[in-house]
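Single-letter residue listing:
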Amino acid sequence: MAKKEQTAIEPTRADDYPEWYQQVIRAADLAETSPVRGCMVIKPWGCALWENMRAALDGMFRETGHVNAYFPLFIPLSFLQKEAEHVEGFAKECAVVTHHRLEADADGRLVPAGPLEEPLVVRPTSETIIGAMYAKWVQSYRDLPVLVNQWANVVRWEMRTRLFLRTTEFLWQEGHTAHETRQEAWDETLKMLGVYKRFAEEYMAIPVLTGEKTAAERFPGAVNTFCIEAMMQDRKALQAGTSHFLGQNFAKASEIVYQTRDGGREFAWTTSWGVSTRLIGGIAMVHGDDNGMVMPPMLAPSHVVILPILRADGDRETVMSYCAELAASLRARTYAGAPVRVEIDARDMNAGEKSWQWIKKGIPLRVEVGPRDIAQNAVFVGRRDRPPREKSGQPRDAFVAGIAPLLAEIQAGLLERAREFRNGNTARMDSMDDFRSFFTPANAEKPEIHGGFALAHWCGKEECETSINDELSVTIRCIPTEREAEDGACIACGAPAAGRVIFAKAY
Ligand SMILES: [Zn+2]
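Thresholds, definitions, all that
Residues numbered from 1 in each chain as written. Predicted model: local features only at pLDDT ≥ 70, side-chain atom pairs only at ≥ 80, totals over all residues. Heavy atoms only, no water. Donors = N, O, S within 2.8 Å, 3.2 Å for Na, K, Ca; no water. Tetrahedral: all angles 85-135°; square planar, octahedral: opposite > 155°, others 65-115°. Helix = DSSP H or I, 4+ residues; strand = E, 2+ residues; numbered from the N terminus. Buried < 20%, exposed > 50% of the residue type's maximum accessible area, 1.4 Å probe, protein only. Axes fitted to C-alpha atoms, helices over the stretch in contact; angles between N-to-C directions. Parallel < 35°, antiparallel > 145°, perpendicular 65-115°, else oblique. Left-handed = near helix turned anticlockwise from the far one by under 90°. Contact = heavy atoms within 4.5 Å. Nonpolar A, V, L, I, M, F, W, Y, C, P; charged D, E, K, R; others polar. Core = buried A, V, L, I, M, F, W, Y, C linked by side-chain atoms within 4.5 Å. 1 Å grid on protein atoms, 1.4 Å probe; cavity = no way out; pocket = protein on both sides within 12 Å on 5 of 7 lines; lining within 4 Å. Points joined across faces, edges and corners; volume = space filled by probe spheres on them. Arc of directions from axis to C-beta. Expected span 1.5 Å × (residues − 1). Salt bridge = Lys/Arg side-chain N within 4 Å of Asp/Glu carboxyl O. Pairing = 2+ DSSP bridges.

## Here we look at the coordination of the zinc ion
The protein atoms donating to the zinc ion are C459 (SG), C464 (SG), C490 (SG) and C493 (SG), with metal-donor distances spanning 2.2 to 2.4 Å. Classification of the site at the zinc ion as tetrahedral follows from its four donor atoms and the range of 104 to 117 degrees in their angles at the metal. Each donor residue of the zinc ion lies on one chain, and together they are spaced C-x4-C-x25-C-x2-C. Taken together, the residues span a long stretch of sequence, with C459 in the loop between β23 (453–457) and α15 (462–472) and C490 in the loop between β25 (488–489) and β26 (496–497) at a distance of 31 residues. Among the residues examined, C459 registers a relative accessible area of 23% and is labelled partly exposed.

Structure below.
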């Protein structure tokens, strides 16, 4: 029997994917649970990743003409109620502030006091509060478009939580725009969907499919919801971003009315779009392996860690100054328009253990430098996209000169690998028997290994969508944006259908 490869993460992906995920997040020191139920603490390594994601997205929002603003955390209950579908969609997950003071009771315990005249909802999303402001800002067609984004935290009360993927409080951005015409708002909705797709593929190295949600999966109050969907390594889908065409629904609710070019009065056309810290969970689940996190270089908090190998006390000064000079040379190089990010880990601890810590954190490159390497002016390099034991000695100068192409190669390789995995687990289905067996584990001991994206015909009826979900826990992820017109029969009821949609199990 072959000796089992030692891995840093127990269990492995194949043994218990959900538990593997939790262990990867923990081992990479990205986040941990907090004393507040359902709320996570994002630790410095996870926060640095989010900051890089935020910076990249923010740049893309600016390029497309958007500016940032900030709106209140609290939303008066009456604001949410203005849009009926909206409040109904969010009612079950609202945190509500009802008091504004604490007072000691007879036993000296602090209890809420000072009931509010109107309860305040901690924002689950900000359409209504932002709409109330746009109603003031927009008077004439000259005030349009309004192209604003907000970086914020939101709260959606969750009973079952999982770090990054589903937490009561999370960080996100929400774009909110108002336009003069339907066409302009429609174009904006699709433009931002395109921005998300580009961000997912170019920065996160995650291939995504774009499409429209069915009515059942639509954002509460939206006319159309578009999404990007990615496949995780357990073959489930992760909705990685959404862009909503809101029509005039929220403008009517908030009374965003403008004077038209010919002197009439018209409701504005609005959009909203968002991505959240959930994407960090997506990066872990797409690129992570049985040794831990794998950071795509475009977003990695650090690109290179230099690990000084100190065997004798006398080496210390020579090795440390060589490492400092190497770090400076690398930082003088740029990758994707910014200096290469380098750290030196000189902690006094076992070299093997130290190296494993960085593997688990997913840093793209580990560089070992010892007296022997210095004598040859060489470095010993380990790549996170290769097995941990596969390390290569390289001339120092060649390594420094080639750092940007090397990072680019790793980035491209991650995207390619993820694309191959997704394509290899995507299948066209024309019979319910095939569909059923695709979504049923063949091996009861490895329940994680089944399913994927099934492209099948759907007649458009909600009953068919519901019956498939009830039987197999499979949902329509989206109606692909670019799909071939192809006559077929609905996978559930056999009625005529005009094209295939994407079915999958999902987070
Ligand atoms: Zn049907």
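## A closer look at the packing of helix α1 (residues 17–27) against helix α8 (residues 278–287)
If you want to describe how two helices pack, look at the angle between their axes and the distance between the axes. The contact between α1 and α8 brings their axes to 10 Å, and the two run at 115 degrees. For the element pair α1 / α8, the angle class is roughly perpendicular. In this structure, the crossing between α1 and α8 has a hand that is right-handed. Residue-level inspection shows Y17, W20, Y21, V24 and I25 of α1 in contact with α8, the latter providing G281, A284 and M285. Residue composition of the contact of α1 with α8, grouped by class: seven nonpolar, one polar and no charged.

## Remarks on the nonpolar core
Within the largest apolar cluster, 56 residues are counted, with the highest numbers of intra-cluster contacts made by M53, F164, F199, M204 and M293. Every element with two or more residues in this core is listed here: α1, α2 (44–63), α6 (182–203), β10 (224–231), β11 (237–245), β14 (269–276), α8 and β15 (304–308). Of all the elements, α2 adds the most residues to this core, at eight residues. Those residues in contact with M293, other than ones at most four positions away along the chain, are V24, A28, L30, L49, I283, A284, G288, I359, K360, K361, G362 and R384. Core analysis: the second largest hydrophobic core is formed by 23 residues, I306, L365, V367 and F399 among them.

## Some words on empty space enclosed by the protein
Here the idea is plain: a probe the size of a water molecule rolls over the atoms and shows the empty space left. Under the defined criterion, the tally for this structure stands at one cavity of 30 Å³ or more. Roughly 80 Å³ of internal volume is contained in the largest cavity. If you go around the largest cavity, the residues you meet are E127, I130, G131, Y134, H176, T177, L246, F250, S254, I256, T270 and T271. Listed by contribution, the elements that provide at least two residues to the lining of the largest cavity are α5 (127–137), β8 (169–179), α7 (249–254) and β14. In terms of residue count, α5 provides more of the lining of the largest cavity than any other element does, four residues in total.

## Some words on α15
Taken together, the buried positions of α15 are occupied by C464, E465, I468 and L472. What you see down the axis of α15 is that its buried residues fit within an arc of 100 degrees, all on one side. The exposed set on the far side of α15, more than 90 degrees from its buried face, consists of E463 and D470. Looking at the buried positions of α15, the neighbouring elements they touch are α14 (432–438), β24 (475–480) and β27 (500–504). S473 occupies a position one or two residues after α15 and carries a positive phi of about 55 degrees.

## Observations regarding α2
The first and last C-alpha atoms of α2 sit 28 Å apart over 20 residues, in line with the 28 Å expected at 1.5 Å per residue. Looking only at α2, the buried set comprises W45, G46, L49, W50, M53, A56, L57, D58, M60 and F61. Positive phi appears at G65, one or two residues downstream of α2, with a value of about 90 degrees.

## Points about the pattern of salt bridges
Considering all chains together, one arrives at 29 salt bridges under this definition. Close ionic contact of E202 with R198 constitutes a salt bridge, the shortest N to O distance being 3.3 Å. With E202 and R198 both in helix α6 and four residues apart, this pair spans about one turn of that helix. Relative accessible area serves as the criterion here: at 39%, E202 is assigned to the partly exposed category. Between D289 and R384 there is a salt bridge, with its nearest N and O atoms 2.7 Å apart. In this pair, D289 is assigned in the loop between α8 and β15 and R384 in the loop between β20 (378–383) and β21 (391–395), connecting sequence segments 95 residues apart.

## Examining the sheet that holds strand β18 (residues 342–344)
Taken together, five strands build an open sheet; the order of strands is β18-β15-β19-β20-β21 and the sheet is mixed. Taken across any chain shown, the strands that pair with only one partner, and hence form the sheet edges, are β18 and β21. Going across the sheet, the axis of each strand differs from the next one's by a mean of 25 degrees, ignoring polarity. With five bridges joining them, β15 and strand β19 (residues 365–369) adopt parallel strand pairing. Bridged to I306 within β19 is V367. Along the sheet face, helix α13 (residues 403–424) touches β15, β19 and β20 and points at about 140 degrees away from the line of β19.

## Side note on the packing of α2 against α8
Interhelical geometry of α2 versus α8 gives an angle of 105 degrees and a closest axis separation of 10 Å. Considering the angle they form, α2 stands roughly perpendicular to α8. Contact residues: α2 offers G46, L49, W50 and M53, while α8 offers L279, I280 and I283.

Read these as layout, nothing more, since geometry by itself doesn't imply function.
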